[in-house]
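Residue-level structure breakdown
Listed below are the residues making up each chain.
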Amino acid sequence: MDTHKYVGPVWSLFRIVVGLLFTLHGAATVFGVFGGNQGKGEALPMGQWPGWWAGLIQLVCGLLVMAGLFARPAAVLASGSMAYAYFVVHQPHALLPTQNGGAEAALYAWSFLAIAVVGAGPWSVDALWRRDRAEVPAVA
């Protein structure tokens, strides 16, 4: 069985799901929906450092990655924010992610790094734009 034909669609689905989950975290933090920030049922106060800003990054980058629009730069920013969260918030409590509660931050950091390196995949706005530019003939 030739599995290569599934790589692009599966990668696109991976990107969409990771972006959606990240967006939900951001919406919970910024708007207080889906259980609110850390399940407390409310949003963080606007502008509160660093939580509200992290939520805004999650919301915006999650939407961009999910759509595959400027996916690489959005994924770099998302990956960096999750690496920051891991090393500043979680890692001081214990060395390993399973001990310090940072497994989710570590998984997001590495997932977004992979998306930044590989790209958005065929089911993305970025791919549509590349396809459209490739079809436009050069003017002589």
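Refer to the structure presented above.
Below or above, wherever it landed, is the structure these notes cover.

Calculation notes
Residues numbered from 1 in each chain as written. Predicted model: local features only at pLDDT ≥ 70, side-chain atom pairs only at ≥ 80, totals over all residues. Heavy atoms only, no water. Helix = DSSP H or I, 4+ residues; strand = E, 2+ residues; numbered from the N terminus. Buried < 20%, exposed > 50% of the residue type's maximum accessible area, 1.4 Å probe, protein only. Areas by Shrake-Rupley, 256 points an atom, 1.4 Å probe, with all protein chains shown as cover. Lys, Arg positive; Asp, Glu negative; His and termini not counted. Charge placed at Lys NZ, Arg CZ, Asp CG, Glu CD. Expected span 1.5 Å × (residues − 1). Contact = heavy atoms within 4.5 Å. Core = buried A, V, L, I, M, F, W, Y, C linked by side-chain atoms within 4.5 Å. Phe/Tyr/Trp six-rings, centres within 6.5 Å; stacked < 30°, edge-to-face > 60°.

For the rest of this paragraph, the subject is the overall build of the chain. Across its full length, the chain holds six helices and zero strands. Scanning the chain from its N terminus toward the C terminus, one meets helices and strands in the order α-α-α-α-α-α. Projected onto its principal axes, the C-alpha positions of the chain cover 60 × 35 × 25 Å. In the chain, buried positions account for 36% of the 140 residues. Carbon and sulfur atoms make up 71% of the accessible area of the chain, which totals about 8,700 Å². Mean positive and mean negative side-chain charge positions of the chain (7 and 6 charges, respectively) differ by 4 Å.

With that settled, the discussion passes to helix H3 (residues 71-90). A rise of 1.5 Å per residue sets the reference length of H3, with its 20 residues, at 28 Å; its end C-alpha atoms lie 26 Å apart and thus fit the reference within 8%. Looking at the buried side of H3, the elements it contacts are helix H1 (7-31), helix H2 (51-67), helix H4 (97-100), helix H5 (103-118) and helix H6 (125-135).

Note the cis peptide between Trp49 and Pro50, where omega equals -10 degrees. Within the secondary structure layout, Pro50 lies in the loop between H1 and H2. One non-glycine residue, Gln38, lies in positive phi territory at about 50 degrees. Inspection of the secondary structure puts Gln38 in the loop between H1 and H2. One non-glycine residue with positive phi stands out, namely Phe70, at about 50 degrees. In this structure, Phe70 sits in the loop between H2 and H3. You can call Phe70 partly exposed: its relative accessible area is 46%.

Counting 18 residues, the largest nonpolar core has Phe22, Val65, Ala75, Met82, Tyr108, Phe112 and Ile115 as its most contacted members. Mapped by element, the contributors of at least two residues to this core are H1, H2, H3 and H5. When residues of this core are assigned to their parent elements, the largest contribution, seven residues, is made by H5. Look past the residues within four positions of Tyr108 in its chain and what remains in contact with it is Val18, Leu21, Phe22, His25 and Met82.

This part is about the environment of Leu107. Assignment of secondary structure puts Leu107 in helix H5. Given a relative accessible area of 58%, Leu107 falls into the exposed group.

Considering all chains together, one arrives at seven aromatic pairs under this definition. Site record: aromatic cluster; members linked through ring pairs are Phe22, Tyr108 and Phe112.

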